[in-house]
Amino acid sequence: QVQLVESGGGLVQAGGSLRLSCAASGRTFSNFAMGWFRQAPGKEREFVAAISRSGISTNYADSVKGRFTISRDNAKNTVYLQMNSLKPEDTAVYYCAQGRHISEYDYWGQGTQVTVSS
């Protein structure tokens, strides 16, 4: 079946950068949109960024716009989230997701912890 595996999380100081990766398997990667979501302690999961099948179209949450960049490498079946100018409020578990459309996701990764210290 479909498997999504995130990596690249960790501890970083405020103002620093981190790049998350999500490796996908189980179905043709280029046929699906990819997204990143996050969940902070005591809060609901929220949308972070999404990218279309070809990578031509991208969407971002207002809170990360201008700081985060989503990209994909279809030859490597991998989606990335480059996070710059990190803030303590970015601290959360980050999840990779895959779906037929950019607004609807069928499969989710296990998550990777990102902690931003002040």
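The structure we're discussing is the one just above.
First things first, this report covers the structure right here in the doc. Keep in mind that what you see is a predicted model, and the values were worked out from it rather than measured. Counting from 1, residues in each chain are numbered in the order their sequence is written. Owing to the predicted nature of the model, reporting of local features is limited to residues with pLDDT of at least 70; listing and counting of side-chain atom pairs is limited to 80 or more, with chain, interface and lining totals taken over all residues. Only heavy atoms go into the side-chain values, all of them from the structure, while hydrogens and water stay out.

1. Some remarks on the pairing of strand 9 (residues 92–99)
Rule in force here: A 1.4 Å probe rolled over the protein chains alone gives each residue an accessible area, and that area as a share of the maximum for its type sets the label: buried under 20%, exposed over 50%, partly exposed in between. Helix and strand definitions here come from DSSP, where helices need a minimum of 4 consecutive H or I residues and strands a minimum of 2 consecutive E residues; each element is numbered from the N-terminal end. The pairing criterion is simple: DSSP has to find at least two bridges between the two strands.
Judged by how many residues are buried, strand 9 sits mostly within the fold: seven of eight residues are covered. Where strand 4 (residues 33–39) lies against strand 9, seven bridges are found, and the strand directions are antiparallel. Among the inter-strand pairings, W36 is bridged to a residue of strand 9, identified as C96. Pairing between strand 9 and strand 11 (residues 112–117): three bridges, direction antiparallel. Within the sheet, the bridge partner assigned to A92 lies in strand 11 and is V114. In the sheet, strand 9 pairs with strand 10 (residues 107–108) via two bridges, with the strands oriented antiparallel. The partner of A97 across the bridge, within strand 10, is W108.

2. A closer look at the state of the cysteines
Every disulfide links exactly two cysteines, by a covalent bond between their sulfur atoms. The line we're drawing: Only a pair of cysteine sulfur atoms within 2.5 Å counts as a disulfide in this structure description.
If you walk through the whole model with that rule in mind, you get one disulfide. Each sulfur of the disulfide joining C22 and C96 lies 2.1 Å from the other. In this structure, the disulfide formed by C22 and C96 twists by about -80 degrees around the S-S bond and is classed as left-handed. One end of the pair, C22, is in strand 3 (residues 18–25); the other, C96, is in strand 9, with 74 residues separating them in the sequence.

3. Digging into the packing of aromatic side chains
In plain terms, the rule: Note on ring pairs: Phe, Tyr and Trp rings are taken, using the six-membered ring of Trp, and paired if centres are within 6.5 Å. Classes follow the plane angle, with under 30 degrees stacked, over 60 edge-to-face and the rest tilted. We count a charge as sitting over a ring when the NZ of a lysine or the CZ of an arginine lies within 6 Å of the ring centre and within 35 degrees of the ring normal.
All told, the structure shown has four aromatic pairs when counted by the stated rule. Grouping aromatic residues by their ring pairs yields a cluster made of F37, F47, Y105 and W108. Cation over ring: R45 sits above F37, and NZ or CZ is 5.8 Å from the ring centre. A cation sits over an aromatic face here: R72 above F29, 4.4 Å from the ring centre.

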